[in-house]
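Structural overview
Here is what each chain is made of, one letter per residue.
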Amino acid sequence: MVKQPKAAVFASGTGSNFQALMESTLACDICMLVCDRAEAEVVQKARHFQLRTIQFDPTRFLSKQDYEQMLVEKLHEEKIEWIFLAGYMRIIGHILLEAYEGKIINIHPSLLPAFPGKDAIRQAWDRKVRTTGVTIHFVDEGIDTGAIIAQESVAISPEDTLDLLTQKIHQVEHRLYPKTINLLLHSCTNK
Ligand code: GRF
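Quick caveat: nothing in here was measured; it's all calculated off a predicted structure.

1. Notes on the sheet that holds strand S6 (residues 131-138)
- Pairing is mixed across the open sheet formed by seven strands, whose spatial order is S3-S2-S1-S4-S5-S6-S7. Of all strands in the sheet, those with a lone pairing partner are strand S3 (52-55) and strand S7 (148-155), marking the two edges. The sheet shows a mean angle of 20 degrees between the axes of neighbouring strands, direction not considered.
- In terms of strand pairing, strand S1 (residues 6-11) meets strand S2 (residues 29-35) through six bridges, oriented parallel. In the strand pairing of S2, Val9 is matched with Leu33.
- Sheet contacts for helix H2 (residues 41-48): S1, S2 and S3; angle to S2, the most-contacted strand, approximately 150 degrees.
- In the packing of helix H3 (residues 64-77) onto the sheet, the strands contacted are S1, S2, S3 and strand S4 (80-85), and the crossing angle to S3 comes to about 170 degrees.

Below, the structure written as structure tokens:
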């Protein structure tokens, strides 16, 4: 059997994208969850999958460099090659960016560069745009500014509520993230 690269998911919240990745057939093995909030629902989800979880409290570290250094050590111990962010609510700093250059991917619920940052679905809703969507992109030092890998649009119809729109976006996310990861990993192995 071909040995697949190992990946970690970083998440802070509900973990529906984490779950979608765990339930997909991927061209990598997800071996670890990294979570910065002990009470996050995603931690329960990881338990269900019996997945190794690194749960850390950023306030217990002197600096971002310190906790990122700890994370890089754990990721290297496990020989993790890829990091997939899925609702991870922290800006990735230079320690992780240098250790995983070109190997950190994020999913964002808008058509970037429109509506970066927090509450992107609500931002689009409040602006009354007709179309929003989902973006998968490489992570750089900015907030949702890295090179775009894939996008899919979602129409906002007059019948939509913010809740309905949120559901529609999540449905697209759960399909687009695994599909894009597989395309990316295949293109890397074919190089
Ligand atoms: C998703 O909408 C994702 O695009 C954004 O954060 C949300 C996480 O949702 N980055 P979940 O925790 O995966 O349900």
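Having seen the structure, we can now continue with the description.
2. Remarks on the packing of aromatic side chains
- Inspection of every chain in the model, using the stated rule, returns six aromatic pairs.
- Seen from their ring centres, Phe56 and Phe61 are 6.3 Å apart, and the 80 degrees between their planes marks the pair as edge-to-face.
- Judged by centre distance (6.3 Å) and plane angle (65 degrees), the rings of Phe84 and Tyr177 are edge-to-face. Here Tyr177 lies in helix H6 (residues 162-189) and Phe84 lies in strand S4, a separation of 93 residues in the sequence.
- Clustering of aromatic rings is evident, with ring pairs tying together Phe56, Phe61 and Tyr67.
- We note Lys103 situated over the ring of Trp82; from NZ or CZ to the ring centre the distance is 4.8 Å.

3. Focus on the site of the ligand
- The ligand sits among Thr14, Gly15, Ser16, Asn17, Gly87, Ile107, His108, Pro109, His170 and Glu173.
- Here an oxygen atom of the ligand sits 3.4 Å away from a polar atom, N or O, in the main chain of Thr14.
- Side-chain polar atom of Ser16 to an oxygen atom of the ligand: 2.6 Å apart, as the coordinates give it.
- The fraction of the free accessible surface of the ligand (370 Å²) that becomes covered by protein chains is 84%.
- Of all the secondary-structure elements, those providing two or more residues to the shell around the ligand are helix H1 (16-22), strand S5 (104-108) and H6.

4. Looking at the nonpolar core
- Of all hydrophobic cores here, the largest spans 36 residues; its most connected members are Val9, Leu21, Leu33, Val42, Phe84, Tyr177 and Ile181.
- Among the elements that make up this core, the one with the highest residue count is H6 (nine residues).
- Filtering out sequence-adjacent residues up to four positions away, Tyr177 remains in contact with Asn17, Leu21, Phe84, Leu85, Ala86, Ile105, Asn106, Ile107 and Ile136.
- Within the second largest apolar cluster, 23 residues are counted, among which are Cys31, Met70, Leu97 and Tyr100.

5. Notes on the pairing of S1
- Among the six residues that make up S1, five are buried, leaving the element largely enclosed by the rest of the structure.
- Once the chain exits S1 it traverses H1 before rejoining the sheet at S2, and the crossover so formed is right-handed.
- The pairing of S1 with S4 spans five bridges and is classified as parallel. When the bridges of S4 are listed, Lys6 appears paired with Ile80.

What counts as what
Residues numbered from 1 in each chain as written. Predicted model: local features only at pLDDT ≥ 70, side-chain atom pairs only at ≥ 80, totals over all residues. Heavy atoms only, no water. Pairing = 2+ DSSP bridges. Helix = DSSP H or I, 4+ residues; strand = E, 2+ residues; numbered from the N terminus. Axes fitted to C-alpha atoms, helices over the stretch in contact; angles between N-to-C directions. Contact = heavy atoms within 4.5 Å. Phe/Tyr/Trp six-rings, centres within 6.5 Å; stacked < 30°, edge-to-face > 60°. Lys NZ or Arg CZ within 6 Å of the ring centre and 35° of its normal. Near = heavy atom within 4 Å. Polar contact = N/O pair within 3.5 Å; in protein donor to acceptor, adjacent residues only side chain to side chain. Areas by Shrake-Rupley, 256 points an atom, 1.4 Å probe, with all protein chains shown as cover. Core = buried A, V, L, I, M, F, W, Y, C linked by side-chain atoms within 4.5 Å. Buried < 20%, exposed > 50% of the residue type's maximum accessible area, 1.4 Å probe, protein only. Right-handed = clockwise from strand over helix to strand, strands pointing away.

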